[in-house]
Amino acid sequence: MSTPPVEFPVTWAPRRTRIVLLPVCVLLVVLFAVLAVLLPENWQLNDRIMMIASGVLFAAVGLMLARPRVSADADGVTVVNFVRSRRLAWAEIVRVNLRQGDPWATLDLADGTALAAVGIQPGVGKAQAIANARALRDLVEHHAAHHTGA
């Protein structure tokens, strides 16, 4: 049995997006909390609480946008998108696609459906996204060859 094309575990994620969003989320919570404290005296407590809650809500959206990733290990792939995540065995993945103009990679699945893999997206680095999609494709092909006995 040959070794896979990359060492496990491996994770692909738009790192620059996370590097920007995570500090912005912290800043939003701090900024809205400071604003809540500095509001004029005629603002009531519930107004101040809502100001802080707004900062937390905006930060939560930012964290949701920073969530996407695709992780692979010896048993399969975990796709984490904005809201949902899904664990796939290698045999469930038929093909990895990243066509010109696509916002992210998609996985064609054995059940005839497709799954967005938002963690591999050219919007934050086209060359890196292509390399990541190829690495995942190579892993899928490697496991398909071993599954079929080729």
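Okay, so let's go over this structure. Quick caveat: nothing in here was measured; it's all calculated off a predicted structure.

1. Quick look at the environment of Gln44
- Mapped onto the fold, Gln44 is located in the loop between helix 1 (15-38) and helix 2 (45-66).
- On the basis of relative accessible area, Gln44 is assigned to the exposed category, the value being 52%.

2. Things to note about the nonpolar core
- In terms of nonpolar packing, the biggest core is built from 22 residues, with Trp12, Val77, Leu107, Ile120 and Leu136 touching the most fellow members.
- Among the secondary structure elements, those contributing two or more residues to this core are strand 1 (10-12), strand 2 (69-73), strand 3 (76-80), strand 5 (93-97), strand 6 (105-109), strand 7 (114-117) and helix 3 (126-148).
- Top element by residues in this core is helix 3. It accounts for 6 residues.
- Ignoring sequence-local partners within four residues, the contact set of Trp12 consists of Arg69, Val70, Ala72, Gly119, Ile120, Asn132, Ala135, Leu136 and Leu139.

3. Looking at the pairing of strand 7
- Of the two faces of strand 7, the one lined by Leu115 and Ala117 is fully buried and the one lined by Ala114 and Ala116 carries no buried residue.
- Both strand 6 and strand 7 contribute to a ladder of 4 bridges, which runs antiparallel. Opposite Ala105, over in strand 7, you have Ala117 as the bridge partner.
- Where strand 6 folds back on strand 7, the antiparallel hairpin that results is connected by 4 residues, among which Gly112 adopts a positive phi of roughly 90°.

What counts, and at which threshold
Starting afresh in each chain, residues are numbered from 1 along the sequence in its written order. Local features in this predicted model are restricted to residues of pLDDT 70 or higher, and side-chain atom pairs are both shown and tallied only at a pLDDT of 80 or more, whereas totals for entire chains, interfaces and linings draw on every residue. Hydrogens are left out, water is left out, and the side-chain values use all remaining heavy atoms of the structure. Under the scheme used here, helices are H or I runs from DSSP no shorter than 4 residues and strands are E runs no shorter than 2 residues, and both carry numbers assigned from the N terminus. Relative accessibility thresholds used throughout: buried, under 20% of the residue-type maximum; exposed, over 50%; partly exposed, between the two (1.4 Å probe, protein chains only). Definition of nonpolar core: a set of buried residues of the types Ala, Val, Leu, Ile, Met, Phe, Trp, Tyr and Cys, connected through side-chain atoms within 4.5 Å. The contact rule is simple, with two residues in contact once any of their heavy atoms fall within 4.5 Å. Paired strands are those between which DSSP finds at least two bridges.

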